[in-house]
Every structure is written in C-alpha cells, then in structure tokens.
Amino acid sequence: MERLTTIFQHLNAAEQSVGLREVASLPSYQRKADDIVVVSALRTPITKAKRGYFKDTYVDDMLAAVFQGVLSDTGLSASDIADVCVGNVGDPKIALTARVAQFFSGMPETVPVYHTNRQCASGLQAFMNVAGSLKTGQCDIGIAAGVESLSKNPMGASGFELNPRLKDYPKAQDSLLPMGITSENVASRFGISRRAQDEFALASQQKAAKAAASGLFDAEIVPVTTTVADAGGQLKTVTVSKDEGIRPTTMEGLAKLRAVFKEGGSTTAGNSSQLSDGAAAVVVTTRGEAAKRGLPVLGVLRSFAVIGCPPDIMGIGPAVAIPEALKKAGESF
Ligand SMILES: CC(=O)SCCNC(=O)CCNC(=O)[C@H](O)C(C)(C)COP(=O)(O)OP(=O)(O)OC[C@H]1O[C@@H](n2cnc3c(N)ncnc32)[C@H](O)[C@@H]1OP(=O)(O)O
C-alpha cells in the first residue's frame, strides 16, 4: 500500500508540473499505470521547401537531430529504446533513411526501426503504432517520429506508372488529386468563402507570430546545424532554430494574392499550408514506467480514431475522425 501511495504521489507530481490538472479533473479521467504517455516531444524548426534553410538537408539528418534531441531531453540511454517508428509519406527510401538516422543519432543496432505511412497523419500513426507495442507488452519505451522533406521528395503522382483501370474508378482517380484542388473542392462544397479562408489564415499567422515572439516554441525546437547552398551554389554552415513560415500578414496583403490551383478559385499561397521540410519525435512509454524513471507526463493517450473520407475532399478528415475519437474517450463537444 505504501508503495502504491508513493507511486501515486509521483504520478501527481509529474502531472502537476506540466499543468495537466484540468484534464485530470474531468470526470471520465482515471490515471492508470498502463496509460500511454508522452514524456518528451521535440521538433526541428519547420522550414520552407526548396528555398529554406533545410532545402539541401538530408531527411536522415533531420530525423537524427530529433532522435538525439529526445534522448538527451529524457536522459534515457539509447539502448533503453525498445522500438522506433517513423511516419513519412514522400521519401521512397524511408526504410533505409530511418535506419541511417538511427545510427547518426547514436542508437545501437539492437534498437529496431521501421516506418509507416498514413498520409498527413503518418506521424500520429507512428505514435499509435508505438502505443500499440506498449499495450501488447512488446516494449516499455519507444520513439515515434515523423519527417518530411518536400525539398528532397516533392509531392505529386508523377514518376510512376498509373494503372489504366483507374479511369473506371472515379474515387481512385480522386486519390491522385493535388492537395490544392481538394482544398478548392472543400471550399465550394461547404461554402467556405475566400474571406473566411483569409481570416483564418490571418488568425493563424497572428497566433504563430505571438507564440514565436514570446518564446513559446523555443522549448520544443531542436536547433539543427546543417549546410545550405547559396544562389551561387556555395555551401555555408548554418544553425537553424526558428520556423520559416511565419510572416507579417494583413487581410489586405492576403486579399491581393491570386488563386493558385483553379481559375476563379480561393486557395492562395497565403491561405494554404506551406510546402515544408522538418521532423519531430516523441518518447512514448507507460505512466508507470515514466513514474519509475522520474520522467514528466507531457500528454496522455485517451483515444484514437481513423475514418476514411472522400478523397476529393480529403482535408475534412479530422472533422470526421475527431468526433469518433472524442466518443471513444467518453467526451463530447
Ligand atoms: C510536408 C508538407 O509541407 S505537406 C503540406 C503541403 N501543402 C500543400 O500541399 C497545400 C498547397 N500549398 C501549396 O501547394 C503551396 O503552398 C502554394 C503553391 C500554394 C504556394 O507555394 P509557394 O509559391 O512556394 O508559396 P510562398 O510561401 O513562396 O508564397 C508565394 C508568395 O505569396 C505571397 N504570400 C505568401 N504568404 C503570404 C502572406 N501570409 N501574406 C502576404 N503574402 C503572402 C508572397 O508574395 C510570396 O512570395 P515571397 O515569399 O516572395 O514573399
């Protein structure tokens, strides 16, 4: 009993230290030793593809930076990590890249690494894969990561042979649509005006600028030292520690931008998600293991849901899946 009380005190202390008390006070919230928790979460800065500081950086270098970051943040030995899963969409060599990154980061060969692809949610799926391994007792501590370099691996359905039978399957054809067109489809199908999109973009820029100016991102960003070629092809060494997508933005400035994907459309460079390069990683374990090792609980897995949606409006995915995830967690909104 005394041991249980001590563990419970550890659990409380860990959560209070990261301000999870409000969540912990929800009626449906019960702490259990086998809860899946995040004890470290770090990312590289997010840079502009093709023109940003990571345009010449290899995918494995970005991944290695976040692997090293979370290992040093937790103080865990690399051999404590029982499994690593990397979410990625665009790198055709990700199976090799992920293994290379592991060695760059100093993790020994005994740590297995694999990858998963659930499109834009690949990093989240990597987290769920590690959570599943923890739940089935395959491992005690794992790393879930995500990485994408649109500089090195541009998006698009070019460069491979398409099955001619696609023409008979409209939804299969829709799966090849560029994200910008799916954005136009969402806007017209759900009546989302250009103004509403620009207002959202402005609010997003303002929130990001405020958070960056007050240093809120600093603790989650791993500065990355890399090389970048200038306009003349000359390589220089830089240490990148800031996101590149945040820029001074006004409604007037946004209103001047033309639609990029469709004549008369409403998706512009200002209200689109930027083409980016970057990586992120979390250390995932159980609440009991975190308490044993004195690691802080930064987040707790309450539920997860995956639901497919029409591919020509794929951007609505979260609107379909989040209610289901909340239902599974016993919450509503
Ligand atoms: C891993 C991932 O990144 S997945 C997500 C990828 N996102 C998508 O697929 C969504 C679709 N988006 C896209 O394809 C691209 O963002 C595009 C094609 C719309 C725009 O790409 P780019 O031309 O590279 O955009 P870029 O950021 O350079 O902006 C172009 C111009 O628009 C203007 N602009 C962009 N944002 C703003 C803003 N907030 N306010 C005012 N002007 C702006 C600027 O004039 C800018 O030129 P500048 O950089 O010289 O100032």
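Nothing here was measured: the structure is a model prediction, and the numbers come from that model. (Residues numbered from 1 in each chain as written. Predicted model: local features only at pLDDT ≥ 70, side-chain atom pairs only at ≥ 80, totals over all residues. Heavy atoms only, no water.)

Chemist: Which parts of the structure should I look at to understand the site of the ligand?
Modeler: Around the ligand, the structure places 18 residues, and the nearest of them are Lys-48, Arg-51, Met-155, Ser-273 and Ser-276. Arg-51 is positioned with one of its side-chain polar atoms (N or O) 2.5 Å from an oxygen atom of the ligand. In this structure, a nitrogen atom belonging to the ligand sits 3.0 Å away from a side-chain N or O atom of Thr-249. Here the ligand, which alone exposes 1000 Å², has 69% of that area covered by the protein. Residues belonging to the shell around the ligand are distributed by class as follows: eight nonpolar, six polar and four charged. (Near = heavy atom within 4 Å. Polar contact = N/O pair within 3.5 Å; in protein donor to acceptor, adjacent residues only side chain to side chain. Areas by Shrake-Rupley, 256 points an atom, 1.4 Å probe, with all protein chains shown as cover. Nonpolar A, V, L, I, M, F, W, Y, C, P; charged D, E, K, R; others polar.)

Chemist: Looking at this structure, how should I read the packing of helix H3 (residues 59-74) against helix H4 (residues 94-104)?
Modeler: Describing two packed helices takes the angle between their axes plus the distance from one axis to the other. Running from amino to carboxyl end, H3 crosses H4 at an angle of 45 degrees, the nearest separation of the two axes being 8 Å. Overall, the two elements H3 and H4 adopt an arrangement that is oblique. Of the two possible hands of crossing, H3 and H4 adopt the one that is right-handed. Between H3 and H4, the residues in contact are Val-59, Asp-60, Asp-61, Leu-63, Ala-64, Phe-67 and Gln-68 and Thr-97, Ala-98, Val-100, Ala-101, Gln-102 and Phe-104, respectively. (Axes fitted to C-alpha atoms, helices over the stretch in contact; angles between N-to-C directions. Helix = DSSP H or I, 4+ residues; strand = E, 2+ residues; numbered from the N terminus. Parallel < 35°, antiparallel > 145°, perpendicular 65-115°, else oblique. Left-handed = near helix turned anticlockwise from the far one by under 90°. Contact = heavy atoms within 4.5 Å.)

Chemist: Where do I start with the packing of aromatic side chains in this structure?
Modeler: Two descriptors summarise a pair of aromatic rings, namely the distance from one centre to the other and the angle between the planes of the rings. Taken as a whole and judged by the stated rule, the model has zero aromatic pairs. Just above the ring of Phe-217 sits the side chain of Arg-43; from NZ or CZ to the centre is 5.3 Å. Across from the ring centre of Tyr-58, 4.5 Å away, lies the NZ or CZ of Lys-152, which sits over that ring. (Phe/Tyr/Trp six-rings, centres within 6.5 Å; stacked < 30°, edge-to-face > 60°. Lys NZ or Arg CZ within 6 Å of the ring centre and 35° of its normal.)

Chemist: Any chance you could explain the pairing of strand S8 (residues 276-286) here in plain terms?
Modeler: Looking down a regular strand, the side chains alternate between one sheet face and the other. Burial analysis of S8 places 10 of its 11 residues in the buried class, the great majority of the element. Sheet topology note: the strand S1 (residues 36-43)/S8 ladder contains seven bridges and is antiparallel. From the neighbouring strand, Arg-43 faces S8, where its bridge partner is Ala-280. Pairing of strand S2 (residues 47-48) with S8, which is carried by two bridges, proceeds in the antiparallel orientation. Across the sheet, the residue bridging to Lys-48 is Ser-276, located in S8. (Buried < 20%, exposed > 50% of the residue type's maximum accessible area, 1.4 Å probe, protein only. Pairing = 2+ DSSP bridges.)

Chemist: What should I look at first to understand the environment of Arg-118 in this one?
Modeler: As for its position among the elements, Arg-118 is in the loop between strand S4 (113-116) and helix H5 (122-135). For Arg-118, a relative accessible area of 38% corresponds to the partly exposed category. Here the alpha-carbon distance between Arg-118 and Asn-88, two residues 30 residues apart in the chain, equals 7.9 Å. Sequence-distant contacts of Arg-118, that is, excluding residues within four places in its chain, are made with Gln-125 and Val-306.

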